[in-house]
Amino acid sequence: MIKNVIVGQSGGPTAAINASLCGVYQAAVECGANKVYGMLNGIQGFLEGRYIDLSEHIKDSLDAELLKRTPASFLGSCRYKLPDLEGNEDTYKKIFSMLDEMEIGAFVYIGGNDSMDTIDKLSKYAISIDSPIRFMGCPKTVDNDLALTDHTPGYGSAAKYIAVTMKELIRDSFTIDFKQGMCTIVEIMGRDAGWLTGAAALSEDDDCYGPDLIYLPEIPFDIHMFRDKVGKLLKEKRSVVVAVSEGIHTADGTYVCQLGGGSDFVDAFGHKQLTGTATYLAGYIAGEFGCKTRAIEFSILQRAGSHVASITDIMEAMEAGAASIRAAFDGETAKMVVFERYSQEPYINVTALKDVSKIANEARTVPREWVNEDGDYVTEEFIQYAKPLIQGELTTIYAGGLPRHLAVPEGLRER
């Protein structure tokens, strides 16, 4: 019988990550856990002895409702790569000693590819020492690039934010008639996968043209073809709007943002910070055509926009969290909760379990057939895939004219 549960959040936040945390907490209580602990700043913070009792923060149904509507990671996050077991056993001994002292029976980590690497390593060590602790991965990433799942919690809300904001930007772009025309370049998250950037196409409707061009990192970027496309469009219309993934790159693998300098920052998992793609391309187009240009970088806004969260995404995120705990109480370990889409119309999505070792450090990209032949827009198949995930709105709870969130734990405020 599992006595206590611990849960952590890792990697970049989403508008739905706290809904998964809420699902974990509520399901753990329903399953009979005595205590549900939350790691502060993920496994890195746990190694420093930093964690909280979640019952002191989620005291009633209102707190749970606020948590579901709270952006960013309530428990804080980290980008900490656990060392390989060989030659680093002391790290694992410390973690398991702490878990045993806290009488932990189930460990849930909410995160993406790198977070599943953590679950994979911990579960393998647990098996090697015959530990009864069960380790479960709960999916989270706006990038939507986890393997073996139809989609991931967090993507639907980020896609909705992108579609809504693109619709507003496109409308604004036609406000002033610049004689040489105007080109707006919008940079959207996506290092290796273009799921988020493709969501810009969802802005197209009876009252919106949608973006003119969409470029994903799955297709090598040809800057001369890009120039010619924009030049042709500027002759046909007064305003051109282009959506680009931050990770678009030329045929030789050079990131477009690197053409303009970019950042040298690299995180613990070896990921180079990508920024400046829109700025570089806007300057390039201005130099080529002498037109007005704007570079807009959505950056972290697309993952923090809880005020336009998809209720479909929020409810699925809660279910993913609850399913991870129920699986642990049923004896499962070394697994991640995945989504399987059984029907498109009506949209029916169910949870299942997959071995985390087959998911960790893998990336699922947009299928080539979901991008047009020229590589500058997504197909109708992509749109039909993404559209159900942005449906519905979660009513925002306001106080003093502003959205109300669950207060940040003191253990995060003091650092």
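This is a predicted model, so every value here is computed, not measured.

A.B. asks: So what's going on with the sheet that holds strand β11 (residues 348-355)? Which residues, and what values?
C.D. replies: Spatial strand order, β3-β2-β1-β4-β5-β10-β11: seven strands in an open sheet with mixed pairing. The open sheet has two free edges, formed respectively by β3 (51-53) and β11, since each of these has just one partner strand. Each strand of the sheet is rotated relative to its neighbour by a mean of 30 degrees, with strand direction disregarded. The sheet contacts of helix α1 (residues 17-31) involve β1 (4-9), β2 (35-39), β4 (104-111) and β5 (134-139), and relative to β1 the element is tilted by about 180 degrees.

A.B. asks: I'd like a description of the nonpolar core, backed by residues and values.
C.D. replies: Nonpolar side chains tend toward joint burial in soluble globular proteins. Ranked by size, the top nonpolar core spans 45 residues in total, and within it V5 and L54 carry the most contacts. Secondary-structure elements contributing two or more residues to this core are β1, α1, α3 (61-68), β4, β5, α12 (311-329) and β10 (335-343). A per-element tally of this core places α12 first, with 10 residues. Formed by 36 residues, the second largest nonpolar core is a distinct cluster that contains A159, I162, I170 and L202.

A.B. asks: Outline a nonpolar patch on the surface, listing residues and values.
C.D. replies: A cluster of nonpolar side chains, Y342, I348 and V350, forms an exposed patch at the surface whose accessible area comes to about 290 Å². As for its placement among the helices and strands, I348 is situated in strand β11. We classify I348 as partly exposed; its relative accessible area is 40%.

A.B. asks: Just give me the short version of a negative patch on the surface, but keep the residues and values in it.
C.D. replies: On the surface, E204, D205, D206, E369, E380 and E381 cluster together to form a negatively charged patch. Inspection of the secondary structure puts E369 in the loop between β11 and α13 (380-386). On the basis of relative accessible area, E369 is assigned to the exposed category, the value being 57%.

A.B. asks: Explain the sheet that holds strand β7 (residues 213-215) residue by residue, including any values.
C.D. replies: Across the sheet, which stays open at both edges, the four strands sit in the order β7-β8-β6-β9 with parallel pairing between neighbours. Among the strands making up the open sheet, the edge pair consists of β7 and β9 (292-297). Geometrically, the sheet is characterised by an average inter-axis angle of 15 degrees between neighbouring strands, direction not taken into account. Pairing analysis gives six bridges linking strand β6 (residues 182-188) to β9, with the strands arranged parallel. Its bridge partner being in β9, I185 is matched across the sheet by A295. Where helix α6 (residues 155-173) meets the sheet, its contacts fall on β6, β8 (239-245) and β9, and the angle it forms with β8 comes to roughly 155 degrees. Contacts between helix α8 (residues 223-236) and the sheet are confined to β6, β7 and β8, with β7 contributing the most and set at about 165 degrees to the helix.

Reading the values: the criteria
- Residues numbered from 1 in each chain as written.
- Predicted model: local features only at pLDDT ≥ 70, side-chain atom pairs only at ≥ 80, totals over all residues.
- Heavy atoms only, no water.
- Pairing = 2+ DSSP bridges.
- Helix = DSSP H or I, 4+ residues; strand = E, 2+ residues; numbered from the N terminus.
- Axes fitted to C-alpha atoms, helices over the stretch in contact; angles between N-to-C directions.
- Contact = heavy atoms within 4.5 Å.
- Core = buried A, V, L, I, M, F, W, Y, C linked by side-chain atoms within 4.5 Å.
- Buried < 20%, exposed > 50% of the residue type's maximum accessible area, 1.4 Å probe, protein only.
- Patch = residues over 30% accessible without salt bridge, like charges linked within 9 Å, V, L, I, M, F, W, Y side chains within 5 Å.
- Areas by Shrake-Rupley, 256 points an atom, 1.4 Å probe, with all protein chains shown as cover.
- Salt bridge = Lys/Arg side-chain N within 4 Å of Asp/Glu carboxyl O.
- Lys, Arg positive; Asp, Glu negative; His and termini not counted.
- Charge placed at Lys NZ, Arg CZ, Asp CG, Glu CD.

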